[in-house]
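# Observations on chain architecture
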Amino acid sequence: MPVSTPSARPHVEQLGFDEARREHEALGREIAEHDRRYYEDDAPTISDAEYDALRRRYEEIEAQFPELRTPESLSEKVGARASDKFAKIRHRVPMLSLANAFSDEAIEEFVARIRRFLQLPSDKPLVLTAEPKIDGLSLSLRYERGSLVTAATRGDGTEGEDVTANVRTIGEIPQRLRAADVPEICEVRGEVYLSHDAFAAINERQSEAGKPLFANPRNAAAGSLRQLDPRITASRPLKFFAYSWGEMSSLPRRTQFEMIACFAAWGFKTNPLTRRCSTVEELLAHYRFIEAERAQLGYDIDGVVYKVDDLSLQERLGFVSRSPRWALAHKFPAQNATTVLEGIEINVGRTGSLNPLARLKPVTVGGVVVSNATLHNEDYIRGIGSDGQPIRNGVDIRIGDTVIVQRAGDVIPKVLDVVLERRPPDSKPYEFPTQCPACGSHAVREVNPRTGKEDSVRRCTGGLICPAQARERLKHFVSRYAFDIEGLGEQRIEEFYSEGLVTRPQDIFTLQSRNSRALQRLEKREGWGETSVKNLFAAIEARRRLPLSRFIYALGIPHVGETSAKLLARHFGSFDALRQTACAASDRDSEAFAELTSIGGIGRVVGDAIVEFFKETHNEEMLDALLSEVTPEPEESQAAKNSPVAGKTVVFTGSLEQMTREEAKAMAERLGAKVAGSVSKKTDLIVAGPGAGSKLDKARELGIKILDEDGWFELVGRS
Ligand code: IVH
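Below you will find a few notes about this structure. (Residues numbered from 1 in each chain as written. Predicted model: local features only at pLDDT ≥ 70, side-chain atom pairs only at ≥ 80, totals over all residues. Heavy atoms only, no water.)

This next bit is on the state of the cysteines. Any covalent bond linking the sulfur atoms of two cysteines counts as a disulfide. Throughout the structure, instances matching the rule amount to zero disulfides. As a non-bridged cysteine, Cys-436 has Cys-460 as the owner of its nearest cysteine sulfur, 3.7 Å distant. Of the residues examined, Cys-436 reaches a relative accessible area of 4% and is grouped as buried. Here Cys-439 is not disulfide-linked; the sulfur of Cys-460 is the nearest cysteine sulfur, at 3.6 Å. Here Cys-439 falls in the partly exposed class, since its relative accessible area comes to 25%. (Disulfide = S-S within 2.5 Å. Buried < 20%, exposed > 50% of the residue type's maximum accessible area, 1.4 Å probe, protein only.)

If you want it as structure tokens, here you go:
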């Protein structure tokens, strides 16, 4: 790629908008290419000064034409690009995320759910802690015999980046823990963040140096921590609050609150607004208190986190998917801004849904520039809610309207309302397309045969001939919780797809062999180098074996998310078994369909979707081709590996006294067992409490092993 000298270019003030847009776009590409050469290939082709000049010019154009500064702009992506450079660290205990709630009712429900799960009577107190949710990035610090040995970012929760060298420069993080009660292995977790003052100072310096500005303190903290040069991290006053932990060879305290106090005694900063609360009212009162303090804190928070205080209860409650059942983030309400709707773009999703996207005049909402927002679906634009009731008093949304945009945390911004007084007199209602913009096929709204209701989503009927659907499916296939192939993100998929190099999942795995014969090999193309191609092929090779649940999830079967994929993987154990049952289940009265929908969490809708997926001939062909390239492997959790009930089918019956039914089920599943609702020849074990009736009789009849609750705990231990 030619490197142009910015000095030869006209003054930014002299540029017309179109000219500026073109140059901004070209510069963006050029800078991205230099970033890649520098960071991925370790082979920069221009000097630092030349690179800085390019970036300065890019920034100058954005300063002159702020509408060019979209979320896609390079200036918004600072900090993310260095990631390939860090070694990976596997978290011995996964770093989880928190479920979110936005209303007082949701908090009541959260506490009620915990009480139900634990069968805690209403007169027994349940203590929870409440503390600010810091808007930074989480970090896991591992101490061995009191010395800091590694520091890792969260990453995907299982594997993060090794940022130890940088973390050693953070004054608020102790290098050594000297207290007598520090466990031999001790992983302290918390949030790295920047104060508002530090953020302003960093941006000031960035601006003086002609470097891009950070959009918010969180991005600045991430950019500062993920620096290749620890001296840069050292120059940024990063701070840290400890609020949780990972692996611990022994737990020094028995409650959340005391653990945090213990961290404080060991020399960590802990949040002074952490309180213990015993009722929902107290939780909500503390939430309001923190909300009122928010503006004075001097750092960003985006909600309040509630956690069950008693650690033995936390353990009993366990996890669902990626979040603990014992904790919840109560988020602050979203932030709004007013801007103009300049256009409506229709994107075609993986399942053919026509998704309307608002193109907005860029506007800052809570520190982030927003130029796109979701419009949900056709009805939403027309002013009809999903329940058929009018929304916004039935006011429709038109191009040219002044609209209110809302951004809540990390969720995609949405168009909330229309400022009707500012509607241009000549505006017309928006006509939603009835043809797919990607392939021209009819786009229809299906009628649900069971409810007789029209689906709110209009879908392209093009199926596999629709390039947009195919592309989206590929993107899903390689996404984080699916195949997660490093170096093969959405952009690369777009590129490969448009060139016809990868149009189906199986093509990914033949890319290397085809490349060696190709006339224009990847490494010769613009934007590629020997190293990046080598790394990509290595990443693809590494994914020829992967956990079954990831494989199932990657297929993109409608309604089959991560959790259902895990349930299916656990139930069937192998892809063949799932496929056989799904194929046999096309008769909805069959035993196979009954088996499929008897798996807890897999209902009729999901069952139908699975059957339809496997019925489709194109999918069969794709699966055959894919399975000749990759091997899905049954996965077992750490707990399940050593468990005496792994792979066994267990039935709980009668009234249980030491745990609730839900808890028993969660426990058995954690230990790798399948839990069934009825006794059959496939049952391996029945746990019967007092009052067990016909199921117990049947188990006796079939000679199935029977245990009471004590027997169960003796078998599996009290974990
Ligand atoms: S507890 C197992 N406490 O929120 C629970 N998280 O959505 C571990 N966060 O990745 C998290 N402040 O980065 C916890 N006081 C706090 C927090 C907090 C911020 C972040 C953290 C985590 C995310 C979860």
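Moving on: unusual backbone geometry. In this structure, His-376 is a non-glycine residue whose phi angle is positive, near 65°. You can see His-376 is positioned in the loop between strand 16 (368-374) and helix 11 (378-382). For His-559, which is not glycine, the phi torsion reads 70° and is therefore positive. Judged by its relative accessible area of 54%, His-559 falls in the exposed class. (Helix = DSSP H or I, 4+ residues; strand = E, 2+ residues; numbered from the N terminus.)

Approximately 1,300 Å³ is the volume attributed to the second largest pocket. For the lining of the second largest pocket, the secondary structure elements donating two or more residues are strand 20 (459-460), helix 12 (467-477) and helix 21 (604-615). Among the elements that take part in the lining of the second largest pocket, helix 21 stands out by supplying five residues, more than any other. Looking at the lining of the second largest pocket residue by residue, the classes come out as nine nonpolar, 11 polar and 11 charged. (1 Å grid on protein atoms, 1.4 Å probe; cavity = no way out; pocket = protein on both sides within 12 Å on 5 of 7 lines; lining within 4 Å. Points joined across faces, edges and corners; volume = space filled by probe spheres on them. Nonpolar A, V, L, I, M, F, W, Y, C, P; charged D, E, K, R; others polar.)

When their charged atoms lie close together, side chains carrying opposite charge are able to pair. As enumerated under the stated definition, the model contains 51 salt bridges in all. Residues Glu-144 and Arg-142 are paired through a salt bridge, measuring 2.8 Å at the closest nitrogen-oxygen approach. On the basis of relative accessible area, Arg-142 is assigned to the buried category, the value being 6%. A salt bridge links Asp-181 to Arg-253; the nearest nitrogen and oxygen atoms lie 3.1 Å apart. Placement of the pair is Asp-181 in the loop between helix 4 (164-167) and strand 7 (185-193) and Arg-253 in the loop between strand 8 (239-248) and helix 8 (256-265), with a sequence separation of 72 residues. On the basis of relative accessibility, which here comes to 31%, the residue Asp-181 falls in the partly exposed class. (Salt bridge = Lys/Arg side-chain N within 4 Å of Asp/Glu carboxyl O.)

It is worth spelling out helix 22 (residues 617-627) at this point. Buried within helix 22 we find Asn-619, Met-622, Leu-623 and Leu-626. Along the axis of helix 22, the buried positions cluster into a sector of 100°, meaning they face one direction only. Of the surrounding secondary structure, the elements contacted by the buried residues of helix 22 are helix 12, helix 14 (505-508), helix 17 (548-554), helix 19 (575-584) and helix 21. (Arc of directions from axis to C-beta. Contact = heavy atoms within 4.5 Å.)

In this section: empty space enclosed by the protein. If you walk through the whole model with that rule in mind, you get two cavities of 30 Å³ or more. Considering only enclosed or pocket space, the largest cavity measures out at about 60 Å³ in volume. Lining the largest cavity are Glu-131, Pro-132, Ile-134, Phe-241, Ala-242, Tyr-243, Ile-260, Asn-271 and Thr-274. Of all the secondary-structure elements, those providing two or more residues to the lining of the largest cavity are strand 3 (128-134) and strand 8. Taken together, the residues of the lining of the largest cavity break down into six nonpolar, two polar and one charged. Roughly 30 Å³ of internal volume is contained in the second largest cavity.

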